[in-house]
Amino acid sequence: MKGHTSPNCPLAQYGQYMCYVCRRITDHRGPDCPQKQYKNNSNQNGNSQKNRGRGGGKIRGGKLFTGRGRGKPYSKTDNNTQKATIRTVLAVINKLDLEAVQLDVKTAFLNGQLQDEVYMEIPDGLEIDIEPGKRKVCRLLKTIYGLKTSPKIWNQKFTQEVNKLGLERDINEPCLFTWRKDGKVVILVLYVDDIILASNHIEKLNEVKTSLCKTFEMKVLGEPNKYLGMEIVRNRRERVMTLTQVEYTKKVLERFKMSESKAQSTPMVTRQVKTRNTKQKQIEDEPKPSNAPYGEAIGSLMYLATVTRPDIAFAVIYLSRKQVNPSEEDWSDVKRVLRYLQGTIDTGLSFRAYTDELSSFTDSSFRDNSDSISTSGYVIKLFGDTIAWRSHKQSYVSLSTCQAEYLAMSESAQELISLDKAIRDMLGKTKLPARIWCDNKSALDCTQMDGSHKLKNFDDPLSSIKEYLEERERTGVKKHMADTHGDYKKSCAMDGKLILGWVNTNENEADIMTKPLPTQTHEYLRDKILNKIVT
């Protein structure tokens, strides 16, 4: 067995990591030996599972060869930090006027120690003496980039180190860490290798920052001004923070050759105009399939729609459903969104912290899809600043506008409670009761009564029904809680966690999440969501 330290290792940097050792395939014994896998590195469907790691190495298939039997699949290890949590942290920093610093961890994944046996082909450019007739592979010692388990192992390693500093991880947000004592607070949010560290106590902030820099090799970037593609501009005197993606938007427009296009005032035409144009085109000609980079454009727009541009969320979600076989008309609709961005390239979120409450606007568009399923949407605000939003198809067909709106409120309630769990860790107090605003009085009335005839047809999935019945037979306790038909929201309202209220449709900010709107209405609601209009 021969070890290779970083001076000869194209997978590592900075001369301090031992990433792998080389060994003959025949040195590894047991039923899970990679010798057999070497010839046929594909899954049951015949699809190759090789993953190219940095430095040109190929990780052996999609299995971990542990030496304890047959290989086991990798577990799901996605980064769990939600963008809503990051915006929440920034809103809290602005509200409390916290000192903040941004850190960048160098080669973050290489800090993780790999426990299972994982093999990789010898990287290109690495000279290894191999005996005639013998083949060698690399056994990984570190969690390199390209390995599926790397994010999870890195998060576990980072959590261990910050726990030593007194910071505790949020149970629902694995990448949010907080510390509180005697009015002092430290907030740390981690996204892969990017960190924002904030505190109202400069000595404690420097203590945590210094300790982290000693444990991991980091680069201190100072006050956050660019994070995950967001440009952050902070005016501490006026307590205003703006989040934009100007540079990213320009790159998207240039990529799809729309940087010189004529601007549009809305991302989509209204349904009345759309229906009229579609009927006219059907008379003239059949829809033509498009060879344009439709999927790439949707992917680029999706990042904007989920980070700083809630005003294009509905348009992007709607158009994303047509990626299988897009037509020229669909591509024209995508280009309209790009033209809208051309005219609003500097638009983004503004945090002004002019209230102290947590609130939400909800809306639904009844049976607006071809399969008769309704569209739900909500906008959530903390301190009057937009921190979360969503536009999506509901999971089943609603029989009335009351049901559709009731379900939209239930979905919003679940997100509100989830966000408050993170907020209370940072603030040391809860923002409950939170307010939910809805423009359907019938749906609001159903939250104040039991046995409403308008909701009697709501039911759980069949698998859940059977599970609940079996549980009642075992325990003698009937399960009453069901997120599907809104009992969760009603229960929260009865417990005083939620306050439900009616809002006029013209003032319902979630309306922009469920349908295309006329120019004047769209601009008004957009400016309210982005905090250009303070109410």
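Provided above is the structure to which this section pertains.
Described below are features of the structure shown in this document.

Procedures and definitions
- Residues numbered from 1 in each chain as written.
- Predicted model: local features only at pLDDT ≥ 70, side-chain atom pairs only at ≥ 80, totals over all residues.
- Heavy atoms only, no water.
- Helix = DSSP H or I, 4+ residues; strand = E, 2+ residues; numbered from the N terminus.
- Buried < 20%, exposed > 50% of the residue type's maximum accessible area, 1.4 Å probe, protein only.
- Areas by Shrake-Rupley, 256 points an atom, 1.4 Å probe, with all protein chains shown as cover.
- Core = buried A, V, L, I, M, F, W, Y, C linked by side-chain atoms within 4.5 Å.
- Domains from an automatic or database assignment.
- Contact = heavy atoms within 4.5 Å.
- Salt bridge = Lys/Arg side-chain N within 4 Å of Asp/Glu carboxyl O.
- 1 Å grid on protein atoms, 1.4 Å probe; cavity = no way out; pocket = protein on both sides within 12 Å on 5 of 7 lines; lining within 4 Å.
- Points joined across faces, edges and corners; volume = space filled by probe spheres on them.
- Nonpolar A, V, L, I, M, F, W, Y, C, P; charged D, E, K, R; others polar.
- Axes fitted to C-alpha atoms, helices over the stretch in contact; angles between N-to-C directions.
- Parallel < 35°, antiparallel > 145°, perpendicular 65-115°, else oblique.
- Left-handed = near helix turned anticlockwise from the far one by under 90°.
- Pairing = 2+ DSSP bridges.
- Expected span 1.5 Å × (residues − 1).
- Polar contact = N/O pair within 3.5 Å; in protein donor to acceptor, adjacent residues only side chain to side chain.
- Phe/Tyr/Trp six-rings, centres within 6.5 Å; stacked < 30°, edge-to-face > 60°.

Some remarks on the overall build of the protein
Argument step 1. Looking only at helices and strands, the protein features 14 helices and 23 strands.
Argument step 2. Counting only residues that meet the buried cut, the protein has 51% of its 535 residues in that class.
Argument step 3. Accessible surface, the protein as shown: approximately 25900 Å² in total, 46% of it carbon and sulfur.

Quick look at the nonpolar core
Argument step 1. Counting 61 residues, the largest nonpolar core has Leu90, Ile93, Ile187, Leu243 and Ile380 as the members making the most contacts within it.
Argument step 2. Here this core takes 11 residues from helix α10 (residues 401-427), the largest share from any one element.
Argument step 3. If you count residues domain by domain, this core takes at least three from each of domain 1 (98-115 + 133-235) and domain 3 (356-510).
Argument step 4. Non-local contacts of Leu90, meaning those with residues more than four positions away in its chain, are made with Ile196, Met230, Ile232, Met241, Leu243 and Phe351.
Argument step 5. Residues Val105, Leu190, Leu205 and Met218 belong to the second largest nonpolar core, which totals 24 residues.

A word on the pattern of salt bridges
Close approach of charged atoms lets side chains of opposite charge pair.
Argument step 1. The final tally for this structure, using the stated rule, is 23 salt bridges.
Argument step 2. With its nearest N and O atoms 2.6 Å apart, the salt bridge here joins Lys515 to Asp511.
Argument step 3. Asp511 sits in the buried class, given a relative accessible area of 8%.
Argument step 4. By sharing partners, the salt bridges in this structure join Asp97, Glu99, Glu223, Arg234 and Arg236 into a single network.

Side note on the side chain of Glu161
Argument step 1. Relative to the helices and strands, Glu161 is located in helix α3 (residues 150-164).
Argument step 2. Glu161 gets classed as buried once you look at its relative accessible area, which sits at 12%.
Argument step 3. Setting aside residues up to four positions removed in sequence, Glu161 forms contacts with Thr215 and Phe216.

Some remarks on empty space enclosed by the protein
Argument step 1. A complete count under the given rule lists 4 cavities of 30 Å³ or more for this structure.
Argument step 2. If you add up the space inside the largest cavity, you get close to 70 Å³.
Argument step 3. Contributing to the lining of the largest cavity are Thr266, Pro267, Met268, Asp311, Phe314, Ala315, Ile512, Lys515, Pro516, Leu517 and His522.
Argument step 4. Looking at the lining of the largest cavity residue by residue, the class counts come to 7 nonpolar, 2 polar and 2 charged.

Some details on the packing of helix α5 (residues 246-255) against helix α7 (residues 294-307)
Argument step 1. Remark: α5 packs on α7, axes separated minimally by 11 Å, with the N-to-C direction vectors making an angle of 165 degrees. It follows that α5 is roughly antiparallel to α7 by the angle criterion. Crossing angle aside, the handedness with which α5 passes α7 is left-handed. Residues Tyr248, Thr249, Val252 and Arg255 of α5 form the contact with α7, whose own contacting residues are Glu296, Ser300, Tyr303 and Leu304.
Argument step 2. Grouping the amino acids of the contact of α5 with α7 by side-chain chemistry returns 4 nonpolar, 2 polar and 2 charged.

Considering the sheet that holds strand β17 (residues 240-244)
Argument step 1. As summarised here, the arrangement of the 4 strands in space is β15-β16-β17-β18, forming an open sheet in which the pairing is antiparallel. The sheet is open, and its two borders are formed by β15 (226-227) and β18 (349-351), each paired with just one other strand.
Argument step 2. Of the pairings in the sheet, the one linking strand β16 (residues 230-235) to β17 comprises 5 bridges and is antiparallel in character. Looking across to β17, one finds that Ile232 is bridged to Leu243.
Argument step 3. Relative to β17, helix α2 (residues 83-96) is tilted by about 155 degrees, and along the sheet it contacts β15, β16, β17 and β18.

What to know about α3
The α-helix winds at 3.6 residues per turn, so residues separated by three or four positions along the chain end up facing the same way.
Argument step 1. Here α3 is 15 residues long and its end C-alpha atoms lie 22 Å apart, about the 21 Å a rise of 1.5 Å per residue gives.
Argument step 2. Within the span of α3, buried status applies to Ser150, Ile153, Trp154, Asn155, Phe158, Thr159, Glu161 and Val162.

Details of the side chain of Thr344
Argument step 1. Tracing the backbone shows Thr344 in the loop between α9 (328-343) and β18.
Argument step 2. Thr344 gets classed as buried once you look at its relative accessible area, which sits at 10%.
Argument step 3. Engagement of the side chain of Thr344 in a polar contact is seen with the side chain of Arg309, the distance being 2.8 Å.
Argument step 4. Sequence-distant contacts of Thr344, that is, excluding residues within four places in its chain, are made with Arg309 and Arg526.

Comments concerning unusual backbone geometry
Argument step 1. Cis peptide bonds are those with omega within 30 degrees of zero, and the linkage from Leu432 to Pro433 qualifies with 5 degrees.
Argument step 2. Position of Pro433 among the secondary structure elements: in the loop between α10 and β22 (434-438).
Argument step 3. The backbone phi angle of Ala353 is positive, close to 55 degrees, even though this residue is not glycine.
Argument step 4. Along the chain, Ala353 falls in the loop between β18 and β19 (358-365).
Argument step 5. Judged by its relative accessible area of 13%, Ala353 is buried.
Argument step 6. Not every positive phi belongs to a glycine, and Phe383 is a case in point at roughly 60 degrees.
Argument step 7. Tracing the chain through its elements places Phe383 in the loop between β20 (375-382) and β21 (385-393).

Quick notes on the packing of aromatic side chains
Argument step 1. Considering all chains together, one arrives at 7 aromatic pairs under this definition.
Argument step 2. A centroid spacing of 5.6 Å and a plane angle of 65 degrees characterise the contact between Phe158 and Phe177, whose relative ring orientation is edge-to-face. Taken together, the residues span a long stretch of sequence, with Phe158 in helix α3 and Phe177 in strand β11 (residues 176-181) at a distance of 19 residues.
Argument step 3. Given the relative accessible area of 0%, Phe177 is considered buried.
Argument step 4. Centroid distance Phe158 to Phe216: 5.9 Å. Interplanar angle 25 degrees. Geometry classified as stacked. Highlighted residues: Phe158 in helix α3 and Phe216 in the loop between α4 (202-215) and β14 (218-222), separated in sequence by 58 residues.
Argument step 5. Phe158 sits in the buried class, given a relative accessible area of 0%.
Argument step 6. Note on Phe216: relative accessible area 2%, which makes it buried.
Argument step 7. Taken together, Trp154, Phe158, Phe177 and Phe216 form an aromatic cluster joined through their ring pairs.

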